[in-house]
Amino acid sequence: MPKAAKSGGKEMSAFDIAQAQIEAVGKRLGLDPGLLDVLKNPNRELTVNFPVKMDDGSIRVFTGFRVQYNQVLGPFKGGIRYHPDVTLEEVRALAAWMTWKCAVIGLPYGGAKGGVICNPKELSPSELERLTRRFTSEISIIIGPQKDIPAPDVYTDAQVMAWVMDTFSMNEGYSVPGVVTGKPLVIGGSKGREEATSRGTMYATREAAKNLGLDLAGATIAVQGYGNVGYNAARLFSEECGSKIIAVSDSRGGVYNPGGIDPMEVKAFKDKTGSVVGFPGTKPLTNEGLLEVECDILIPAALEGAITASNAPRIRAKIVAEGANGPTTPEADEILFKRGITVIPDILCNAGGVTVSYFEWVQSLQHFFWTFEEVKKRLEDIMIRAFAEVWDMSREEKVDMRTAAYMVAMRKVVEAYRVRGIYP
Ligand code: NAD
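Nothing here was measured: the structure is a model prediction, and the numbers come from that model.

**As for the overall build of the protein**
Point 1. Looking only at helices and strands, the protein has 14 helices and 14 strands in total.
Point 2. On C-alpha atoms alone, the protein measures out to a radius of gyration of 20 Å, which is about the 22 Å that the 2.2 N^0.38 rule sets for 424 residues.
Point 3. With the C-alpha coordinates aligned to their principal axes, the bounding extent of the protein is approximately 55 × 55 × 45 Å.
Point 4. Across the 424 residues in the protein, those meeting the buried criterion constitute 59%.
Point 5. Sequence separation of 24 or more characterises 69% of the internal contacts of the protein that already satisfy a separation of 6 or more.
Point 6. Summing over all exposed atoms, the protein offers an accessible surface of approximately 16500 Å²; the carbon and sulfur share of this is 53%.

**Remarks on the pattern of salt bridges**
Point 1. All chains considered together, the criterion is met by 34 salt bridges.
Point 2. Between Arg 66 and Asp 148 there is a salt bridge; the shortest N-O distance is 2.7 Å. Of the two residues, Arg 66 sits in strand β4 (residues 59-70) while Asp 148 sits in strand β7 (residues 148-152), which places them 82 residues apart along the sequence. Of the two residues, Arg 66 and Asp 148, both sit in the buried class.
Point 3. It is possible to trace a salt-bridge network through shared partners that takes in Arg 81, Glu 90, Lys 113, Asp 153 and Glu 304.

**Observations regarding the pairing of strand β10 (residues 253-256)**
Point 1. Looking at chain direction, strand β9 (residues 244-250) and β10 are connected through 4 bridges and run antiparallel. Among the inter-strand pairings, Ala 247 is bridged to a residue of β10, identified as Tyr 256.
Point 2. If you look at the hairpin formed by β9 and β10, you'll find 2 residues sitting between the two strands.
Point 3. Sheet topology note: the β10/strand β11 (residues 283-285) ladder contains 3 bridges and is antiparallel.

**Let's talk about the environment of Lys 377**
Point 1. Residue placement: Lys 377 occurs in helix α13 (residues 372-397).
Point 2. Residues Lys 377 and Lys 318, 59 residues apart in the sequence, show an inter-C-alpha distance of 27 Å.
Point 3. A distance of 2.7 Å separates the side chain of Lys 377 from the side chain of Asp 381, its partner in a polar contact.

**A short note on the packing of aromatic side chains**
Point 1. The final tally for this structure, using the stated rule, is 11 aromatic pairs.
Point 2. Plain terms: the ring middles of Trp 100 and Tyr 406 are 6.3 Å apart, the flat faces sit at 45° to each other, and that makes the pair tilted. On the criterion of sequence distance, the pair formed by Trp 100 in helix α3 (residues 88-105) and Tyr 406 in helix α14 (residues 401-419) is long-range, its members being 306 residues apart. There is no split in this pair, since Trp 100 and Tyr 406 are both buried.
Point 3. Taken together, a centroid distance of 6.4 Å and an interplanar angle of 40° make the contact between Tyr 358 and Trp 361 tilted. You can see Tyr 358 and its partner Trp 361 sitting in helix α12 (residues 352-366), 3 residues apart, about one turn around the helix.
Point 4. Three or more aromatic residues joined by ring pairs make a cluster, and in this case those are Tyr 109, Tyr 358, Phe 359, Trp 361 and Trp 370.
Point 5. Across from the ring centre of Phe 15, 5.8 Å away, lies the NZ or CZ of Arg 92, which sits over that ring.
Point 6. Over the ring of Trp 391 we find Arg 395, and its NZ or CZ is 3.8 Å from the ring centre.

**Some words on the nonpolar core**
Point 1. Residues Leu 39, Trp 97, Trp 100, Ile 105, Phe 237, Ile 299 and Ile 344 are the most contacted members of the largest nonpolar core, which totals 96 residues.
Point 2. Counting 26 residues, the second-largest nonpolar core is a separate cluster that includes Cys 118, Leu 123, Leu 128 and Phe 168.

**Regarding the pairing of strand β6 (residues 111-117)**
Point 1. In terms of burial, β6 is largely enclosed, as 6 of its 7 residues are buried.
Point 2. Note that β4 and β6 share 6 bridges and pair antiparallel. Bridge pairing in β6 places Asn 70 opposite Gly 111.
Point 3. In terms of strand pairing, strand β5 (residues 76-83) meets β6 through 4 bridges, oriented parallel. Considered in β6, the bridge of Arg 81 is made with Gly 115.
Point 4. Once you follow β5 into α3 and on to β6, the crossover reads as right-handed.

**What to know about helix α1 (residues 14-28)**
Point 1. In a regular helix each residue adds 1.5 Å, so 15 residues correspond to 21 Å; α1 covers 21 Å between its end C-alpha atoms and thus fits that length.
Point 2. Inspection of α1 places Ala 14, Phe 15, Ile 17, Ala 18, Gln 19, Gln 21, Ile 22, Val 25 and Gly 26 among the buried residues, and these make up the whole buried set.
Point 3. A positive backbone phi angle near 70° is found at Gly 30, which sits one or two residues after α1.

Cut-offs applied
- Residues numbered from 1 in each chain as written.
- Predicted model: local features only at pLDDT ≥ 70, side-chain atom pairs only at ≥ 80, totals over all residues.
- Heavy atoms only, no water.
- Helix = DSSP H or I, 4+ residues; strand = E, 2+ residues; numbered from the N terminus.
- Rg over C-alpha atoms; globule rule 2.2 N^0.38 Å.
- Buried < 20%, exposed > 50% of the residue type's maximum accessible area, 1.4 Å probe, protein only.
- Contact = heavy atoms within 4.5 Å.
- Areas by Shrake-Rupley, 256 points an atom, 1.4 Å probe, with all protein chains shown as cover.
- Salt bridge = Lys/Arg side-chain N within 4 Å of Asp/Glu carboxyl O.
- Pairing = 2+ DSSP bridges.
- Polar contact = N/O pair within 3.5 Å; in protein donor to acceptor, adjacent residues only side chain to side chain.
- Phe/Tyr/Trp six-rings, centres within 6.5 Å; stacked < 30°, edge-to-face > 60°.
- Lys NZ or Arg CZ within 6 Å of the ring centre and 35° of its normal.
- Core = buried A, V, L, I, M, F, W, Y, C linked by side-chain atoms within 4.5 Å.
- Right-handed = clockwise from strand over helix to strand, strands pointing away.
- Expected span 1.5 Å × (residues − 1).

Now the structure itself:
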């Protein structure tokens, strides 16, 4: 997966893309250049180099980041990613996207993101735990339930969040469940958090399909990335909408069967073998090939920069539902828009995760927990309302849905600056 995508012949980092998006929408909204500069840059960045004792007794130094992008709407909020290719630039971009995501949905949060440069596949569970605890200690000076609330992202999960919560709580001297979301249920997690991003993606796609006159029952779906977001999306579309999953992939490659693939069986196969590749009854596909499969809905659910100017002309989906953050470059956006392909932008499409994280935070602060039915209903209401707001804006302004989502989000942030008296 490229960390940088070609645009106009030059390499664009994920943060270049995030800034280009802000710049374009800021100009359309007629924002003051000074305020635009504020919105284009992170508020605070922390880089930490910290030692971890490995199982063989040796010491290794790891580098991690926490970027707190904007807090005008509330405490910072954003996931922690463990990946060998994590960079400060990437974390900045992800933190910026969190800012717009929270704003477009109407959550009382700013945006943040964290990451550690590491390959969790090469670490033992105890090494991963020691790494997580030390990283948490390092960033504990800037996180907290009223300050900045981390959550899972690529290659981090509920167990990692439990270690973060425990380390933070040890230092405070009492349990602080509100410091992270995506925790296991027993220590204050929320019902429905694990599948929330995918459930939100399903609700947003369902609204788009309704507006476009596409029946989701029997609709064909290709999913890139088969982790938390990709797998749960495949499962929910299949179980709750009757859609047909025809292709899935992970970091090692993809598989294809136009007759349909059972999402749960592929998951069981991946759990056993480590990959979806080789799943019986399917044809092999490359990761590039998966994105170009003819289908009704394409769900990129891996990393940034998947859909670029070079493959956008060959995308054969009616809807691109961005489960991942930043999977489409600005040039690819333009191409898809001209080709009449509806892109449901990441900041709207995958916002179900942070929305249920918000529910979890509220429940953790109140020590009062909701049923799964309550979580689903509240999430559905929020996604329907946010989708309609963005859809209407895109129709009124005759712009693609990403531009519309940014317009909705940036207007809220700018209004917050104005009423707080930070900007006239
Ligand atoms: P995950 O670690 O559970 O899964 C990532 C998956 O992507 C794995 O199956 C991996 O094999 C696959 N992958 C990696 N490189 C790939 C490649 N080049 N081609 C195809 N597949 C590849 O991570 P996740 O939590 O599912 O996150 C996936 C995306 O969704 C990320 O962009 C993340 O930022 C975004 N996201 C996650 C959440 C959440 O709640 N987990 C919320 C919002 C957005």
